[in-house]
Amino acid sequence: MPSSPTTFPVFLAAFGLAALFTRPVVAATFTVTTDAGSGPGSFHQAVVDASATSPGEPAEVVFDPVFFGEPRTVVLDVPLPVVRRSLSIEGPAVGGTGEPRVTISGDRNGSGVVDDGDLPGLALEVPKEATVVLRRLKFSGCWSKPTPGGAVFFRPTGPAGLT
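Q: Sorry if this is basic, but what is going on with the packing of aromatic side chains here?
A: Geometry of an aromatic ring pair is reported as the spacing of the ring centres plus the angle between the planes. For the structure shown, the criterion picks out 3 aromatic pairs. The interplanar angle of 20° and the centroid separation of 5.7 Å between the aromatic rings of Phe43 and Phe63 together place this pair among those described as stacked. With a gap of 20 residues between them, Phe43 in helix H2 (residues 43-51) and Phe63 in strand S2 (residues 59-63) connect regions that are remote in the sequence. Residue classification places Phe43 among the buried positions, given a relative accessible area of 0%. Accessibility expressed as a relative area gives 4% for Phe63, which makes it buried. For the pair Phe63 and Phe68, a centre-to-centre distance of 5.1 Å together with 85° between the ring planes defines the contact as edge-to-face. Comparing Phe63 with Phe68 shows no difference in burial state: the two are buried. Site record: aromatic cluster; members linked through ring pairs are Phe43, Phe63, Phe67 and Phe68.

Okay, here's the thing in structure tokens:
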């Protein structure tokens, strides 16, 4: 039995609408372009911006591979915001020495020891089923409340993963 003349155009219209409204999930990417402790292009600003995206939208912080092509230290001059969502923070590819090229330092006063003049590192208070990825980063001279001495404070508010 021959098919209805409208079957093919209706199928094409439905397929076209599905293709129009289907898009791959792409993370909102915030690129660190300076080793300044805060301000435009800083690690601090990238974490602020990533934290402000919709919780259902993937977010990532990356470091400009040209500027961070040589080892650099970001000395924080203001506290980082508490991360309360899934987030990926990845330093640039590791160099020939195998050491990360990015160091996040809370040693604001340059004393070389963790003291009251320093800033906390990264505080993670993530919800159920959130995942935080920290890759190719080094933390130094930071402390995490309530216990001094830690660079990353991880307090999940439910089952969460830290990679």
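Alright, that's what it looks like, and here's the rest.
Q: Would you mind showing me how to read the nonpolar core here?
A: The nonpolar side chains of a soluble globular protein tend to be buried, and buried together. Formed by 26 residues in total, the largest nonpolar core has its most connected members in Phe43, Val61, Phe63 and Ile89. Of all the elements in the fold, those that place two or more residues in this core are strand S1 (28-32), H2, S2, strand S4 (87-90), strand S5 (102-105) and strand S6 (122-124). Per element, the largest residue contribution to this core is 4 residues, and it comes from H2. Among residues more than four places away in sequence, those in contact with Ile89 are Phe43, Val61, Phe63, Leu122, Val133, Leu134, Arg135 and Leu137.

Q: It is not clear to me how unusual backbone geometry should be interpreted in this structure. Could you clarify?
A: Glycine aside, a negative phi is what most residues show, and trans is what most peptide bonds show. The backbone phi angle of Arg136 is positive, close to 60°, even though this residue is not glycine. In this structure, Arg136 sits in the loop between strand S7 (131-135) and strand S8 (138-140). A residue is classified by how much of its surface remains accessible, and Arg136, at 30% relative accessible area, is partly exposed.

Q: Just to check I follow, could you spell out the environment of Thr103 for this structure?
A: Along the chain, the position of Thr103 falls in strand S5. Between the C-alpha atom of Thr103 and that of Gly91, which follows or precedes it by 12 residues, the distance is 9.1 Å. Apart from the residues within four sequence positions on either side, Thr103 is in contact with Arg72, Thr73, Val74, Lys138 and Ser140.

Q: It is not clear to me how the sheet that holds S8 should be interpreted in this structure. Could you clarify?
A: In a beta sheet, neighbouring strands are held together by backbone hydrogen bonds and run either parallel or antiparallel to one another. Spatial ordering of the open sheet is given by S3-S5-S8, a layout of 3 strands whose pairing is parallel. Single-partner strands in this sheet number two, and they are strand S3 (72-75) and S8. Within this sheet the neighbouring strands show an average axis-to-axis angle of 25°, counted without direction. Where S3 lies against S5, 4 bridges are found, and the strand directions are parallel. The partner of Arg72 across the bridge, within S5, is Val102.

Rules and cut-offs
Residues numbered from 1 in each chain as written. Predicted model: local features only at pLDDT ≥ 70, side-chain atom pairs only at ≥ 80, totals over all residues. Heavy atoms only, no water. Phe/Tyr/Trp six-rings, centres within 6.5 Å; stacked < 30°, edge-to-face > 60°. Helix = DSSP H or I, 4+ residues; strand = E, 2+ residues; numbered from the N terminus. Buried < 20%, exposed > 50% of the residue type's maximum accessible area, 1.4 Å probe, protein only. Core = buried A, V, L, I, M, F, W, Y, C linked by side-chain atoms within 4.5 Å. Contact = heavy atoms within 4.5 Å. Pairing = 2+ DSSP bridges. Axes fitted to C-alpha atoms, helices over the stretch in contact; angles between N-to-C directions.

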